[in-house]
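Summary of structural features
What follows is the residue order along each chain.
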Amino acid sequence: MRDFDYAAPTTVAEAVQLLQSHNGAARPMAGGTDLIDQVRVGRLTPDLVVDIKKIPELTAIDFSTTGLRIGAAVPCYRLYHDAQITAAYSALTDSATIIGGIQIQSRASVGGNLCNSGPAADSTPSLIALGAIVVIAGPKGTREVSVDTFCTGPGKNILERGEFVVEIKLPARAAHSGSAYQRFIPRNEMDIAVVGVGVSVTLDAAGQNFVAAKIALGAVAAKPLVADAAAKALIGQAVSEATIQKAAEAARAIATPIDDMRGTIEFRKHVTGVLTARVIQQAVERARAT
Amino acid sequence: MAEERKFGWGPRKDNVLIGKSIQRIDGFEKVSGKAQYTADINTPGTLYAKLLTCTHAHAKLKKLDVEPAKKIPGVRAVYIFPAGDLKAEGAGEIFWDGTLIAAVAADRPEIAEDGVKAIIAEYEVLDHIVDEEDLKAAEAKGATKAVGKNAKGKVEDALKTAKHVHKGYYGVHTISHMCLEPHGTHCEWKADEVLDIHASTQNVSGLAGQFAGPLGIDAAKVLVTANFEGGGFGSKFAADEWGIAAAKMAKETGKPVKLMLDRATELKAAGTRPSGYIDVTLGADETGKIVAWDSHHWGSGGISGGSIPVGGIPYVFDFENRSRTATQLNCNVGPTRAWRAPPHPQLCILTHCAIDDLAMKMGKDSYDVFLTNLEQTAGTAAHLPETYKAEMEIAAKLIGWKEKWHPHGKDAGKGAVKRGLGMALHTWGGGAGGCACNVKIHADGSVESFVGSQDIGTGTRTVIAITLAETFGLPLTAIKVNLGSNQYPASAASGGSITVGGVSGAHRRAAQTALWKIFDLVAAKYKVDAGTLAAKEGSIVSGDKKVCTWKQASMLLGPMGLETKGEGPAEDGLTSSRVGGVQMADVSVDSETGIVRINKYVAVQDCGLIIDELTAKSQIYGAVIMGIAYALSEERVMDKKTGRYINADLQNYKLPRIGDIGEIVVNIYQPDSEYSRGVIGLGEPPVISPGAAISNAVANALGVRVPVVPLTPQRVLAALSKSKGGAA
Amino acid sequence: MAKKRIVSTTINGTQKDFLCEPRQTLLEVLRDSLDMTGTKEGCSNGNCGACTVHLDGRPVVSCLVLAVEADGATVETIEGVACNGQLHPLQDSFLNNAALQCGICTPGFIMQAKSLLAENPNPSEHDIRFYLAGNLCRCTGYDKIVRAVQDAAGKMSGCCSEAKV
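This is a predicted model, so every value here is computed, not measured.

Turning our attention to the interface of chain B and chain A. Counting from both sides, the interface comprises 18 residues of chain B and, opposite them, 15 residues of chain A. Ranked by residues supplied to the side of chain B that touches chain A, first place goes to helix 19 (residues 713-723) of chain B with three residues.

Below is the structure:
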């Protein structure tokens, strides 16, 4: 691995200061599971690695009636070990359960997964479906942005020099809502998503009609996609195979995957449709079970 | 008495250890982290070496400047491989991604990496060809070579008159050996120009000469040690150019040098199994008997050969009228090495998928078609038809073939997930390899053996200990097995499943020879008939009567004890060769996503006399899972545009994980007739059938053949789409 | 070159201080500096699990941990699993079930399985296959590894190394 220096600040202010140093060659590190590998293969060339795990608020979780706040460095396992979070924000814990294997989940964080900004990141479609807000600290103070606009391309996002994500905020869940994330991979575990789909739905009290929906797709474009047309195909409609198929078709239509070793364009578009229908179905079942 | 003293195994019913399930004796070291593999050798002052490889498929090296690496503090030596040596005549042309250019040895691994990065290498990129499947494109580029054609009978006539004719295309892509412990050596020069090597090798006794030649020293000055090693699968027989590099850098620096391949280089440069594709037409009469076979197969083993030869097709079977042709594609891909049962897995896929499709065309049960044609395996070995028949019956019962079978594509289930059954058969030699050993009985009764063989994870140590303990009537703990050093009597490399036969035969001979001497001494001392003596439960007995303890008998050997030599192989019935095996798969295929899951996989295997059922079964389980790997997910992916091996890492080189394999049932076919054949090697045969058996099961589930293995979701969906008239 | 750091850790119950560069991984320090080679290197990118150790009680792949991060942490490696020369029930059941061949993946599997049983003393077969998905075996003993972990689950009580961290 290339030579770099290491710092482990204990406050956000200190971290911001460190990240401004080294002419832009300072990188924040949470779990390190992406960063260390990327430094090793030479994709990242930091001169300074800033370990943000020692900052108390970065590893805090706060679940309340107003929503969920997750420190950016909270490792995945802490999310799915929490029964309340698993019940309310199922899509997110679905994601947290399948980011790498258990060993990776001991360290990898949702914040890191988001900031790595890989198009196939497993937690980003879930964050989009659940309406997450990203809290960013930087030299000019703190700002909040919708997760929908956070990623801008493969490995690219809106963070500016000196900025880093400190927290992810998720709004409280409406009654009769359910969410789910699934990805399509050739093996059962530990593959990069060929297609990923995150869905959140809210049904009426009878569980028969879609009241609200949000759908996001991963791995089928240069960045995670917000599938508004697919969600619109559900909202106000009866829960039925036909409705779900319409939404799946709308999702399929916006997918613009590339041909690579994970699959051809045609294959990945096809799977987008199949998977979207399956994930909507799962979200509906969860909404009905609440 | 002497005429009765013939080498042989005892009656099966009398065995205390042989044939039982016994833990491996080196297990403690392996589960506790104490086992030292080559990568674990860290003698004081050891330097770490890292490699610079060329990542172009075809290029001319224009410039190589290693001086910047040499200037880095902590870098101790830079070695230039032949491909990077611009001073050598005709040098500088690179033919595949992964070619070794230079190595850097340094105080710390990361400094060696800094050194590698500092080297300046400039290339002129040349035209390449990496598509091993596209015969026409290769022909157009002049990158093919005919490697053989032969025929017998009247193929054209037989196809004309055949009741059922099927024309098909099948294939299997290239895979890498992917040993979890990569190839590598730790080289240290000792006093008197002695080179002390720890190597991850399948060839302890054969390595010294391979180092001695290039280094210009005597083979007698090379010590080779391999106590533990992390898999070889046919790829670890040679000193290899990286081994020579380590030895030379150790010489130059006067320090030990450890050079283990990095994961990418291990996948690219340390061995692959060649691809194979086939166009075949075959015909059967009204009974389902195959009467004609006409095929052309091709594939690539790299730039200079190594593709699948013409012989061996059709696999196991041979037909009265048969024509076969083979072509080699000279692609810009890494070279091949023997991969577990070469090249049977490919032959099995190329043959048995075609037979299964013929069954589909005839509307017959695949089981019946294989059964009808078993007689046509007799050319491979006369006993095979009977063995296969018996094994097919067992396998069919274990998987529930009769209850579960439906004609191809006729799963009555309504959902997207379809179920299917498939089968295949295989054969392998597995005769005993050359082996010499010494068995030493100390005056205190302790027993020690010495052999220049190796335990590549297969259980060689355990097999030797069981053989000796059984022969001497002692517990396993009384035996100390020494192997993994070329200072012990020479033994063949572990390839071709010849090790268990080789070491068990030789050690039995050495042990029986020793025992007879002890019997003579005991007979003289205790005034009993030596011909009545046996060694049992730590004693020498005559019939039911205990004559003396093993210790008392050993004391008769005097202070020097006794050392006997065992050799082999020999035609004395201790070992034999030629096994069959039948495997069946029950799969589910999601026709919407193309995902194939194994519900149940049955392997029935004969292997003569079994020394340790536990390690024997381990081999079968392991082979089956390795087979599931190349059947479903594992392949080398070459990027046609750049010519690069783009999945040379363990994220993208897709081995199955522990949740991907389904239920596996292993059954060893071992009637007394098998026991009396003696020991036959087992490591390779069970890895042969999975590709064909699983492909056939998928074809049965869908009614559509997915022609090329591995059966990735995308290939499954493409085959389904093509069958419905869509684009492939 | 970045300055070397002094890192203080507790490894297998013993206080250990070492000097390392920030760019060195925990795996490299264990194997090369501390001569604890029981932890194996398989892929160096977190995909094979051969280098699994426990860091503050959680299973991690040590190839994706910087050694400096271990400052103040407790580390458990395969060398610490057997207690007083006696094998842990998991180690015993790996032997009994022939759940190993070449043995390179074995330390990682045992560390990961140990963590599973600490979290879930009665795992289902599915639980085992899911929890061990990050560990690759090439030989391959998957089927027997599942049996070994099931077997060990029943025998875990009373082992001194099971004292929770």
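All names here are of chain C. If you trace the five strands from one edge of the open sheet to the other, you get 2-1-5-3-4, paired in mixed fashion. Looking at strand neighbours, the two that pair on one side only are strand 2 (14-20) and strand 4 (58-61), the edges of this open sheet. Looking at each pair of strands side by side, their axes are set apart by 40 degrees on average, direction ignored. Note: strand 1 (residues 5-11) against strand 5 (residues 74-76), two bridges, orientation parallel. By the bridge assignment for strand 5, Ile-11 is matched with Val-75. Contacts from helix 3 (residues 106-119) reach strand 3 (52-55) and strand 4, with the element oriented near 40 degrees to strand 3.

Another aspect to go through is unusual backbone geometry. Residues and elements named next belong to chain B. Following Ile-313, the chain continues to Pro-314 via a peptide bond in cis, the omega torsion being -5 degrees. Mapping Pro-314 onto the fold places it in the loop between strand 16 (290-300) and strand 17 (321-329). Going from Pro-342 to Pro-343, the amide bond is cis rather than trans, its omega being -25 degrees. Structurally, Pro-343 is set in the loop between strand 17 and helix 9 (344-362).

One frequent convention defines the size of an interface as the accessible area lost when the parts assemble. Residues and elements named next belong to chain C. Considered domain by domain, chain C is made up of domain 1 (5-80) and domain 2 (89-157). Relative to domain 2, the C-alpha centre of domain 1 lies at a distance of 21 Å. Taken together, the contacts link 13 residues of domain 1 with eleven residues of domain 2. Ranked by the residues each element gives to the side of domain 1 that touches domain 2, the list is headed by strand 3, at three residues.

Residue and element names in this part refer to chain A. The domain boundaries assigned to chain A delineate domain 1 (1-173) and domain 2 (177-289). Just the C-alpha atoms count here: the centres of domain 1 and domain 2 sit 24 Å apart. Taken together, the 25 residues of domain 1 in the interface contact 28 residues of domain 2. Elements represented by at least two residues in the side of domain 1 that touches domain 2 include exactly helix 5 (90-98), helix 8 (124-129) and strand 8 (151-153).

Packed helices, taken two at a time, are described by their axes: the angle between them and the distance between them. Residue and element names in this part refer to chain C. Running from amino to carboxyl end, helix 2 (residues 89-96) crosses helix 3 at an angle of 130 degrees, the nearest separation of the two axes being 10 Å. Here helix 3 runs oblique to helix 2, going by the angle between their axes. Two packed elements cross with a definite hand, and for helix 2 against helix 3 that hand is right-handed. Packed against helix 2, whose contacting residues are Leu-90, Gln-91 and Phe-94, the element helix 3 presents Thr-106, Ile-110, Ala-113 and Lys-114 at the interface.

About the thresholds
- Chains are numbered independently. Their residues run from 1 in the order of the written sequence.
- Each chain is given a letter, starting from A, and each ligand a number, starting from 1, according to the order in which they appear as written.
- In view of the model being predicted, local features appear only for residues whose pLDDT reaches at least 70, and side-chain atom pairs are presented and counted only at 80 or more, with totals across whole chains, interfaces and linings using the full set of residues.
- C-beta atoms are first placed from the backbone for all residues, and any pair lying within 7 Å is then listed as a contact.
- The helix and strand labels rest on DSSP assignments: H or I over at least four residues marks a helix, E over at least two residues marks a strand, and numbering proceeds from the N terminus.
- By this definition, two strands are paired if DSSP reports at least two bridges between them.
- Lines fitted to C-alpha atoms define the axes, with helix axes restricted to the stretch in contact, and inter-axis angles between N-to-C directions lie between 0 and 180 degrees.
- Residue ranges for the domains originate in an automatic or database domain assignment.
- Any angle from 65 to 115 degrees is called roughly perpendicular, while one under 35 is roughly parallel, one over 145 is roughly antiparallel, and all others are oblique.
- The handedness criterion is simple: a crossing whose near helix is rotated anticlockwise from the far helix by less than a right angle is left-handed, and one whose near helix is rotated clockwise is right-handed.

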